[in-house]
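Coordinate inspection notes
Chain by chain, the residues run as shown.
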Amino acid sequence: MMPLRILFLLSDMKESATYVRAFNLSKQLANLGHDLTLMVVSQDQIFGKVSYVKEGVRVIETPNFMHHGLGHFTRRLFLDPGMGILDILLRFREMRNGCYDIVQLFDHSLNVFLPWLIFKSNLNLKFVSDWCDIFNYEGGLRYAYRFRLDAIYRIIGFPFRKFSRYLEFDLRQRVDAVTVISEGLAEFAMRNGVPKDNIFVVEGGADVEAIRPIPKEDARRRLGLPLESRIVGFLGTFQGDLDIVIKSFVRIKRDVPDALLLVIGKPSAWIKSAVDDAGIVSSFIQAGRCSDEMLPHFLACVDVLTLPLKENLASRTRWPNRIGEYMACGRPVVVSDVGDTAKVVRNHEIGLVAGNDIESFAETVVKLLQDGALAHSMGRRARELACNRYSWALQATKLEDVYFNLLTSSSSASTSPKAV
């Protein structure tokens, strides 16, 4: 197959969770011989852009000027509008001059929606929308945050939420193909007007090269953590479900007194408050954000990793990035009985599935903490599954198939006789 020129348009800023998915897919597509460009909003550049090559991918960081419109006010109304005029103009120019075959659209904010809207009929290329989270429904990211004066913003923000919902669905209903991150999201897309034949499942991946199993004792020595304690771990950029782990840890401590809770991710005031209220300060370790180099060591030092999910529509359609990192490090996981990740954990026996209440979650974690042989065998199977089915390289191959099928079917349609 011929190499393709592919453009990835990301709505959010660099280092977001979507960036992790997009960059790993683009890197693996570049390894397959394709020409990849990834456009993402810069965290540092206000008026200028930065362009560089990272692991075979041409990355363009666009200006963040007015990305959030009127700052906190706009975010409270619209969450992540992608309103940066300089950013959008640069995207227009790149799409017009880049001679691309495929444009992959991540999310649906204005800096993704408008380039598609302007060029969808004017350029000889195909548009694919990647859908990895719902924003505007029960449990969606649009409702995941609470702001000061939130009740007022929810009232005056009604037209903005309605417009955001329009962007989210109109885009997916009219592009050439939609890649979704889970079977649950595929079903949701079909129920909301996306043609079944246009939907392709490309789950999240596991970075099996960067994250490899490390002996637990070696990782703990490097991090200065107790060798004999049993450690429960949680990793997450989005920490909306962490309260499940914190509350269940109180119950875990009753059965496993030496247990420690390690949280990897951005520290926040609410986490500190929740830990204080739970009375587990002396057993809590806040790792904060860690480097790519140190992440495998933090993951390797735990006995059991946790993936709590609240029962709502967003969780049922989600595929959290962290499940790939959990599998890659070779540790067992306890997951709430929600969505595709629970099915994977149960069907492949890479951990245990807990009920959707605090007591059940705690009891399930305790079971693995007290059965080292079971935990070890599940962790070994998790690593094998990551390598054999969920590596980013395999997910990129799925995406490549979507592209070639789309281009081939388009070529066949254009050369086939038209009905009279």
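Residues numbered from 1 in each chain as written. Predicted model: local features only at pLDDT ≥ 70, side-chain atom pairs only at ≥ 80, totals over all residues. Heavy atoms only, no water.

Here we look at the confidence of the model for the protein
Chain-level pLDDT for the protein is 90 on average; 93% of the residues reach the 70-or-more range. Low pLDDT (under 50) marks residues 413–420, which in the prediction has zero contacts with non-local residues, meaning those over four places away or in another chain. (pLDDT = per-residue confidence, 0-100. Contact = heavy atoms within 4.5 Å.)

Concerning the sheet that holds strand S6 (residues 126–131)
A sheet is described by the order of its strands in space; here eight strands give the open sequence S3-S4-S2-S1-S5-S6-S7-S8, paired in mixed fashion. Edge positions in the sheet fall to strand S3 (50–54) and strand S8 (199–201), since each has one partner strand and no second. Strand-to-strand, the axes of this sheet are offset by a mean angle of 20 degrees, without reference to chain direction. Helix H1 (residues 17–31) rests against strand S1 (5–13), strand S2 (35–41), S3, strand S4 (57–62), strand S5 (102–106) and S6 of the sheet, and its axis sits at about 165 degrees to S1. (Pairing = 2+ DSSP bridges. Helix = DSSP H or I, 4+ residues; strand = E, 2+ residues; numbered from the N terminus. Axes fitted to C-alpha atoms, helices over the stretch in contact; angles between N-to-C directions.)

Here's the deal with the packing of aromatic side chains
Scanning all chains against the criterion turns up eleven aromatic pairs. Geometrically, the ring pair formed by Tyr19 and Phe23 is stacked, given 5.8 Å between the ring centres and 15 degrees between the ring planes. Here the residue Tyr19 and the residue Phe23 both occupy positions in helix H1, the gap between them amounting to four residues, near one helical turn. Comparing Tyr19 with Phe23, the two get one shared label, buried. Ring centres 5.9 Å apart and planes at 65 degrees place the aromatic pair Trp131 and Phe188 in the edge-to-face group. With Trp131 in strand S6 and Phe188 in helix H7 (residues 183–191), the pair connects residues that are 57 residues apart, well separated along the chain. By way of ring pairs, the aromatic residues Phe113, Trp116, Phe163 and Tyr166 are connected into one cluster. Sitting over the ring of Trp116, Lys120 keeps its end group 5.8 Å from the ring centre. (Phe/Tyr/Trp six-rings, centres within 6.5 Å; stacked < 30°, edge-to-face > 60°. Buried < 20%, exposed > 50% of the residue type's maximum accessible area, 1.4 Å probe, protein only. Lys NZ or Arg CZ within 6 Å of the ring centre and 35° of its normal.)

Looking at the pairing of S6
Taken across its six residues, S6 has six buried, putting it largely inside the fold. Burial of the side chains of S6 extends over both faces: Lys126, Val128 and Asp130 are buried on one face and Phe127, Ser129 and Trp131 on the other. Sheet topology places S5 next to S6; five bridges connect them, and they run parallel. If you follow Gln104 over to S6, its bridge partner there is Val128.

Examining the pattern of salt bridges
Using the criterion set out here, one finds 24 salt bridges in the structure. Among the ionic pairs, Arg58 bridges to Glu94, the shortest N-O distance being 2.9 Å. One end of the pair, Arg58, is in strand S4; the other, Glu94, is in helix H3 (residues 85–97), with 36 residues separating them in the sequence. Judged by its relative accessible area of 30%, Arg58 is partly exposed. We note a salt bridge from Asp218 to Arg221, for which the minimum N-O separation is 3.7 Å. A residue pair is termed a helical-turn pair when its members lie 3 or 4 positions apart in one helix, as Asp218 and Arg221 do in helix H8 (residues 216–223) at three residues. (Salt bridge = Lys/Arg side-chain N within 4 Å of Asp/Glu carboxyl O.)

Here we look at the packing of helix H9 (residues 242–255) against helix H15 (residues 358–370)
Closest axis-to-axis distance for the H9/H15 pair is 8 Å, and the angle between their directions is 55 degrees. Relative to H15, the element H9 is oriented oblique. Helix-helix and strand crossings are classified by hand; for H9 and H15 the assignment is right-handed. On the side of H9, the interface is formed by Ile244, Val245, Lys247, Ser248, Arg251, Ile252 and Asp255, while H15 contributes Ile358, Glu359, Phe361, Ala362, Glu363, Val365, Val366, Leu369 and Gln370. (Parallel < 35°, antiparallel > 145°, perpendicular 65-115°, else oblique. Left-handed = near helix turned anticlockwise from the far one by under 90°.)

Let's talk about the packing of helix H4 (residues 110–119) against helix H6 (residues 158–174)
Direction vectors running N to C along H4 and H6 enclose 45 degrees, while the axes themselves pass 11 Å from each other. Classified by the angle their axes make, H4 and H6 are oblique. Seen along the crossing, H4 lies across H6 with a hand that is left-handed. Residue-level contacts link Leu110, Phe113, Trp116 and Leu117 of H4 to Phe163, Tyr166, Leu167, Asp170, Leu171 and Arg174 of H6. Grouping the amino acids of the contact of H4 with H6 by side-chain chemistry returns eight nonpolar, no polar and two charged. (Nonpolar A, V, L, I, M, F, W, Y, C, P; charged D, E, K, R; others polar.)

Thoughts on the sheet that holds strand S12 (residues 304–307)
The six strands are arranged S11-S10-S9-S12-S13-S14 in an open sheet whose pairing can be described as parallel. Pairing within the sheet leaves two strands with one partner each, and these edge strands are strand S11 (284–288) and strand S14 (351–354). Within this sheet the neighbouring strands show an average axis-to-axis angle of 25 degrees, counted without direction. Direction of pairing for strand S9 (residues 231–235) relative to strand S10 (residues 260–264): parallel, over a ladder of five bridges. Counterpart to Phe234 in the pairing with S10 is Val263. Here H9 sits on the sheet and contacts S9, S10 and S12; the angle it forms with S10, its principal contact strand, is near 170 degrees.

Observations regarding the nonpolar core
Counting 74 residues, the largest nonpolar core has Leu9, Val103, Leu105, Phe127, Trp131, Leu299 and Met327 as the members making the most contacts within it. Every residue in contact with Trp131, bar those within four places of it in the chain, is listed here: Glu168, Phe169, Arg172, Val178, Thr179, Val180, Ile181, Leu185, Phe188, Ala189 and Val194. Of all hydrophobic cores here, the second largest spans 29 residues; its members include Ile244, Phe249, Ile271 and Leu368. (Core = buried A, V, L, I, M, F, W, Y, C linked by side-chain atoms within 4.5 Å.)

Let's talk about a nonpolar patch on the surface
Residues Ile46, Phe47, Phe65, Met66, Leu70, Phe73, Ile85, Leu89, Ile152, Ile155 and Ile156 make up a contiguous nonpolar surface patch of about 1100 Å² in total accessible area. Counting only elements with at least two residues in the nonpolar patch, the list comes to H3 and helix H5 (150–156). For the nonpolar patch, the leading source of residues is H5, giving three residues. (Patch = residues over 30% accessible without salt bridge, like charges linked within 9 Å, V, L, I, M, F, W, Y side chains within 5 Å. Areas by Shrake-Rupley, 256 points an atom, 1.4 Å probe, with all protein chains shown as cover.)

Side note on helix H14 (residues 339–348)
When H14 is considered as a whole, its buried residues turn out to be Gly339, Asp340, Thr341, Ala342, Val344 and Val345. Tucked into the core, H14 has its buried residues touching H7, helix H12 (313–316), helix H13 (322–329), strand S13 (333–336), S14 and helix H16 (372–388). Of the residues one or two after H14, Glu349 is the one with positive phi, at around 55 degrees.

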